[in-house]
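Residue strings, one per chain:
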Amino acid sequence: MSGQSKKKPFKIEAYKHRVEVDPKYADRTWAVIEHAINEIYNHNASGLSFEELYRNAYNMVLYKFGERQYNGLVSTVTRHLKDMGKAIESAQGSFLDELNRKWTDHTKSMQMIRDVLMYMDRTYIPTNHKTPVYELGLNLWRDHIIHSAKIQTRLVDMLLEQIHRERMGEVINRGLMRSVTKMLTELGSSVYQEVFEKSFLDVSASFYSGESQQYIEVYNCSNYLRMAEKRINEEVERVSHYLDSKTEPKITAVVEKELVETHMHRLVHMENSGLIPMLVGNMYEDLNCMYNLFKRVPSGLNLIKDVMASHLKETGKQLVTDPDRLKDPVDFIQRLLDMREKYNEIITKSFHNDKAFQNALNASFEYFININNRSPEFISLFVDDALRKGVKAASDDDVDQVLDRVLVLFRYLQEKDVFEKYYKQHLAKRLLSAKSVSEEAERGMILKLKTECGYQFTSKLEGMFNDIKTSQDTMLGFYNSPYGNDMADMPAITVQILTTGSWPTQNINTCILPAEIVIVCEKFKAYYLGTHNGRRLTWQTNMGHADLKATFGKGQKHELNVSTYQMCVLMLFNSADRLTYREIEQATDIPGPDLKRCLQSLACVRGKNVLRKEPMSRDISEDDAFLFNDKFTSKLVKVKIGTVVAQKETEPEKMETRQRVEEDRKPQIEAAIVRVMKSRRVLDHNSIVTEVTNQLQARFLPNPVVIKKRIESLIEREFLERDKADRRLYRYMA
Amino acid sequence: MASRDRVRFNVGGQLFETTSTTLANAGRESMLGALLDESWNPGQPEYFIDRNPACFSTLLDLLRTGALHIPSNVPEKLLYREALYYGLLDHVRGAKWGPFDGNTLRLADSVPGRAPGDGTAIRAAPDGGCCVAHGSMVHVYNWMLEERRPISLDYQQVNDVGYIDANSIVITARERLGKGDGGMAVFSAATGELRHRFRVEHGRQPKSFTAGALSLACPDDHHIFSSCKGRLNEYGIGVWDHNTGQQVDFFYEHPGCSLGDADKLQWLPSKNCLMVATLFPRTDNCFIGLLDFRDKSIPWCWSDAGITVNLEDKRVLHAIAMEDGHSICVINQYDDLGFIDLRAGNTNSAGTGVRWSSRSKLMNQKVPYEESCYPKLATHNGQLFSCMNDSISVFSGSEHVLTSTLRRSYGGSICDFSIGGDRLFALHNEENVFDVWESPPCPII
């Protein structure tokens, strides 16, 4: 450069001046564009040439007047907006209409202005971090119109007033409302939220707070719920028609809070129409309505669930502790089943099969079923009833259904091993007296129990079935063997061979059998021990039954179906007409209570009294005497003489079963302790109790005291030892 | 109806007649779109436009046919300027070159550089532009190959550059002792301004660091990886979210795997792992590994430990994971390609895992004794590219057969190349010139 300035004398002066644009060029060009903007705002664009304007705007940027042009744009548009603002403020009556009209004008104008300044939008604006033209127009509108104090409050008031009117049932111009809210969202979601949404939510909250106060006093629960549902739907519909969709969750939250959450406790506990009357009355639709509404608010469903659960527990507890109900176990279980069915139906129909409600239902049942410690026995009796009487259940399918339902109750039981004990007894009775409805149904039930509790639980029950099966084969073998083929004139015998341990057998002294029977028995014993080595047979005379042919006074013959004990007693009367109680006891050696029961059924039941008792009274005393009743008559040839059996257990029997269950639990608890310790080696007392309880709770809930005793016993037997350093710890001794 | 569809223009005195259907191809966001919009009283008998008629003719032809044919009397720059006036620049770019195919590439341009010395790296932008890192400068070019404002880093050495998108360039730079600067930052491609610096924190303490190789994860999870060397023991791979700019993770270096010195990072979406190749470590052995950031493990790695280091031995000089994610391709100083199977277990033993395909015999040239540039590898749409000396080889098909060679007569050997925006850019060493290769648009028949 310095070299050039030295060459001044040369005639290059003409080049010395930089070629400059006409200094007025920018002013003149901008004037053209500004004029055009004015004409556009005045709806007078038809005279403008787009090509000329575009070229001018292009040149402005090309000749580095981009900034000039941009600032000019801002001030011109601002001036127009101020004019518009005044026009809107002074609008009479239809303020929203005027605002909307001006908004349409403005956006249309900005669209055209942007067309003219498109080149600037593409080049100058991004490199200089300016706001694009159309967006600039929106921002200016926001600043000069919406945020103008006079317009903003009036705008919000008008919008809210329209909405209030609509809530009160009037018809409003939704199209206009939509245009105005759309304008606010186009200006940016924050504008919509700050200018409109916030006040809208506040006003709605106070509106619904007032309305709900009013309605809760006069409406019953069902009507109130329907009103709330309708209001929520209305608000959702309003949003879809003319508000921004993001408002929906906010406004529904407001309505839910005011209409539902604030009053939910009052609604649930409303007298005569709250939750409990609905449950009692099976009002599925109302319950469903309540569920849907309460689902929307925090802890709403928990409230319903808790009230339902406590109601269930209370009614259930009443049911299981009502002494009247204990008289009929079948009815007792049936009522429980009905109750479960009812609530299951409610949960399915009204509570969308909600898992939490199912769990609450289960927990409640588990709670009150285990209050009554006879529940395991009753459930078994119910199954017994279903499987015994073929008449009640028409088909296998029905039996299956009943069993499935009762299995649900079974799942609630904590003391499943007690159930197993009773089930074994009842099953034994059914099998031995061949009274079960069908083997298929029995096996089905066992399969269900197996899937429920595992192989261990049912292995003995299955053993019982196998015994029955092999007994049939054995009997066939006996009669085909030399021992059995010369028995034509002897009484026929059917022997069930029961594996010790599988059956609920007691060690009972065999009663003295009649001589005729003893011969047959000995024959069978010889046959059986001859074919099976190393076995021992004990006769369980308390379980068998017999068919007797009897001839009475006038020569009428009857076939009497009796138990083995009864047979023994009756056979005595072949050689005597009158026997005292003591004589009978001596001759048969039947245990006292059984004998009494057996004599009672022979002498005291009307229509089946093949014996007469002296004196005539209901109860058997040890001084009574018995006579053969030769005046006995019956229309039937076959007379079945049932034993007077208390279906339910008597008190001492119950105690005995309990005790046996407790005894059976001991080895199971010990096994569990050893399993735990084997894997953990060292553990403190509380952890052992927790783990053992976890392992065993599928069968029963072990008592911590019992666990402690078992641990002590294991220490004595040197399976475990106490840690020498820390006495609370136990150590496994391998 | 036909005549109403007709539109007449007088451009700089020359008459053109076309249809509004043709003009609709320009789109509403263009000068012609606005001109014919109903808000601007359309339906005039003739529109006058005060512009160059030859360019208008070319652009009108582009709107009619979708193909760009620039007559010899129209300079390209002039056409670009006019296209910008009409708002049709994107149309021109879209029609200028066709979809990338390594076997149809032709040299489109050579751009001379001014900077002295070696270039560090060249990177292609997604829109067809590129940038060249050079010492402490990054020269940025738009797709018209006009140089934009360069990015100057105040004399810190640039290690690697990459495009987050066409408008944002991320740069990693060496830390200068005592200054506490260096590290990694995003710059605007258009203006060269600093947008954001990525920080590294160790135990909530911000640290200065030297950032090395870069990798961007797949576009949908916004992650950006860089090897980092801190002053103390903060060596490893940092991960940032380039939307929020925040550091999201850090993979500390395990002993024996120098991650902080990594030369190549590559995200493998199919394995959810990052491949790290450290080929010129200062102390350790050459190492290639896959990093799993979820459990901070290295499920696979390879190293050349045990190979006697001798100039004659085959050394791995660059590595790239193949697009199928089953193998890593490597190259040695003899221009042999080698493959390491990723599906095999750890191949720690003495580089035996490399299956070399001896290609040097095929090349009819002597291997220069003294290398001035290390070879580089790249993959694109199933094709594999390698540069060696002054040429780039293109390998195609599953067997990676050499199918094309791209060579220029001057410029010296190629020190880096990059593929993107359907173009290949090759940076030459000596003249500091870079070549632009593109595939021509598909022929009509």
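Our subject is the structure that appears above.
The notes below deal with the structure included here. (Residues numbered from 1 in each chain as written. Chains lettered and ligands numbered in written order. Predicted model: local features only at pLDDT ≥ 70, side-chain atom pairs only at ≥ 80, totals over all residues. Heavy atoms only, no water.)

1. Some words on the overall build of chain A
Part 1: Regarding its fold elements, chain A presents 32 helices and nine strands.
Part 2: Taken over 734 residues, chain A has a buried fraction of 46%.
Part 3: With an accessible surface of roughly 38,400 Å², chain A has 50% of that area assigned to carbon and sulfur atoms. (Helix = DSSP H or I, 4+ residues; strand = E, 2+ residues; numbered from the N terminus. Buried < 20%, exposed > 50% of the residue type's maximum accessible area, 1.4 Å probe, protein only. Areas by Shrake-Rupley, 256 points an atom, 1.4 Å probe, with all protein chains shown as cover.)

2. Describing the overall build of chain B
Part 1: Scanning chain B for helices and strands turns up six helices and 33 strands.
Part 2: Counting the 445 residues in chain B, one finds 52% classified as buried.
Part 3: Taking as baseline every contact in chain B between residues at least 6 positions apart, the subset at least 24 positions apart corresponds to 49%.
Part 4: For chain B, the accessible area works out to roughly 20,500 Å², and carbon and sulfur atoms hold 49% of it. (Contact = heavy atoms within 4.5 Å.)

3. Here we look at the pattern of salt bridges
Residue and element names in this part refer to chain A.
Part 1: Within this structure, the stated rule accounts for 69 salt bridges over all chains.
Part 2: A salt bridge links lysine 250 to glutamate 197; its shortest N-O distance comes to 2.6 Å. A residue pair is termed long-range when its members are at least 10 positions apart, and lysine 250 in helix 14 (residues 247–261) and glutamate 197 in helix 12 (residues 189–218) qualify at 53 residues.
Part 3: According to the relative accessible area criterion, lysine 250 is partly exposed, its value standing at 30%.
Part 4: Of the residues examined, glutamate 197 reaches a relative accessible area of 4% and is grouped as buried. (Salt bridge = Lys/Arg side-chain N within 4 Å of Asp/Glu carboxyl O.)

4. Quick look at the packing of aromatic side chains
Part 1: Under the counting rule described, the total for this entry stands at 43 aromatic pairs over all chains.
Part 2: Summarising the aromatic geometry, the rings of Phe50(A) and Trp40(B) are spaced 5.1 Å apart at their centres and angled 50° between planes, so their arrangement reads as tilted. Taken together, the residues Phe50(A) in helix 4 (residues 50–62) and Trp40(B) in the loop between helix 3 (31–35) and strand 3 (47–49) connect one chain to another.
Part 3: Measuring from ring centre to ring centre gives 5.0 Å for Tyr54(A) and Tyr85(B), while their planes differ by 85°; the resulting arrangement is edge-to-face. One end of the pair, Tyr54(A), is in helix 4; the other, Tyr85(B), is in helix 5 (residues 76–86), on a second chain.
Part 4: Accessibility expressed as a relative area gives 1% for Tyr54(A), which makes it buried.
Part 5: Linked through ring pairs, Phe50(A), Tyr54(A), Tyr58(A), Tyr119(A), Phe9(B), Phe16(B), Trp40(B), Tyr47(B), Phe56(B), Tyr85(B) and Tyr86(B) together constitute an aromatic cluster.
Part 6: Note that Lys313(A) overlies the ring of Tyr367(A), its terminal NZ or CZ placed 5.2 Å from the centroid.
Part 7: A cation sits over an aromatic face here: Arg423(B) above Trp97(B), 3.6 Å from the ring centre. (Phe/Tyr/Trp six-rings, centres within 6.5 Å; stacked < 30°, edge-to-face > 60°. Lys NZ or Arg CZ within 6 Å of the ring centre and 35° of its normal.)

5. Let's talk about the interface of chain B and chain A
Part 1: With 20 residues of chain B at the contact, the number on the chain A side is 23 residues.
Part 2: Across the interface of chain B and chain A, roughly 1,800 Å² is buried in total on both sides, 59% from carbon and sulfur atoms.
Part 3: At the surface where chain B touches chain A, the tally comes to three salt bridges.
Part 4: One salt bridge connects Glu29(B) with Arg114(A), and the closest N-O pair in it is separated by 2.8 Å.
Part 5: The tally of links from chain B across to chain A stands at eight residue pairs in polar contact (both at pLDDT 80 or more).
Part 6: Within the residue set of the side of chain B that touches chain A, elements represented by two or more residues are helix 3, strand 3 and helix 5 of chain B. (Buried area = accessible area lost by both parts, 1.4 Å probe. Polar contact = N/O pair within 3.5 Å; in protein donor to acceptor, adjacent residues only side chain to side chain.)

6. Quick look at the nonpolar core
Part 1: Among the nonpolar cores identified, the biggest contains 183 residues, and Trp141(A), Phe294(A) and Phe9(B) are the most heavily contacted of them.
Part 2: Aside from chain neighbours lying at most four places away, what touches Trp141(A) is Leu81(A), Met84(A), Ile88(A), Leu99(A), Lys102(A), Trp103(A), His106(A), Ile146(A), Met183(A) and Leu187(A).
Part 3: The next biggest cluster of nonpolar side chains, apart from the first, holds 44 residues, and it includes Tyr565(A), Met567(A), Phe573(A) and Ala603(A). (Core = buried A, V, L, I, M, F, W, Y, C linked by side-chain atoms within 4.5 Å.)

7. A word on the sheet that holds strand 21 (residues 287–292) of chain B
Residues and elements named next belong to chain B.
Part 1: The four strands lie next to each other as 19-20-21-22, forming an open sheet whose pairing is antiparallel. The open sheet terminates on both sides in strands that have one partner only, identified here as strand 19 (264–268) and strand 22 (297–303). Going from strand to strand, the sheet's axes swing by 15° on average, the running direction of each strand aside.
Part 2: Of the strand pairs in this sheet, strand 20 (residues 273–278) and strand 21 are connected by five bridges, and their pairing is antiparallel. Across the sheet, alanine 277 pairs through a bridge with isoleucine 288, a residue of strand 21. (Pairing = 2+ DSSP bridges. Axes fitted to C-alpha atoms, helices over the stretch in contact; angles between N-to-C directions.)

8. Observations regarding the pairing of strand 32 (residues 423–428) of chain B
Residues in a regular strand point their side chains to alternate faces of the sheet.
All names here are of chain B.
Part 1: Here strand 32 lies mainly inside the structure; six of its six residues are buried.
Part 2: In strand 32, alternate side chains face the same way, and those of Arg423, Phe425 and Leu427 on one face and Leu424, Ala426 and His428 on the other are all buried.
Part 3: Where strand 31 (residues 414–420) and strand 32 come together, six bridges link them in antiparallel fashion. When the bridges of strand 32 are listed, glycine 420 appears paired with arginine 423.
Part 4: What sits between the antiparallel neighbours strand 31 and strand 32 is a turn of two residues, in which glycine 421 has the positive phi angle 55°.
Part 5: Pairing of strand 32 with strand 33 (residues 433–438) involves five bridges; the strand directions are antiparallel. Across the sheet, residue phenylalanine 425 finds its bridge partner in strand 33, namely valine 436.

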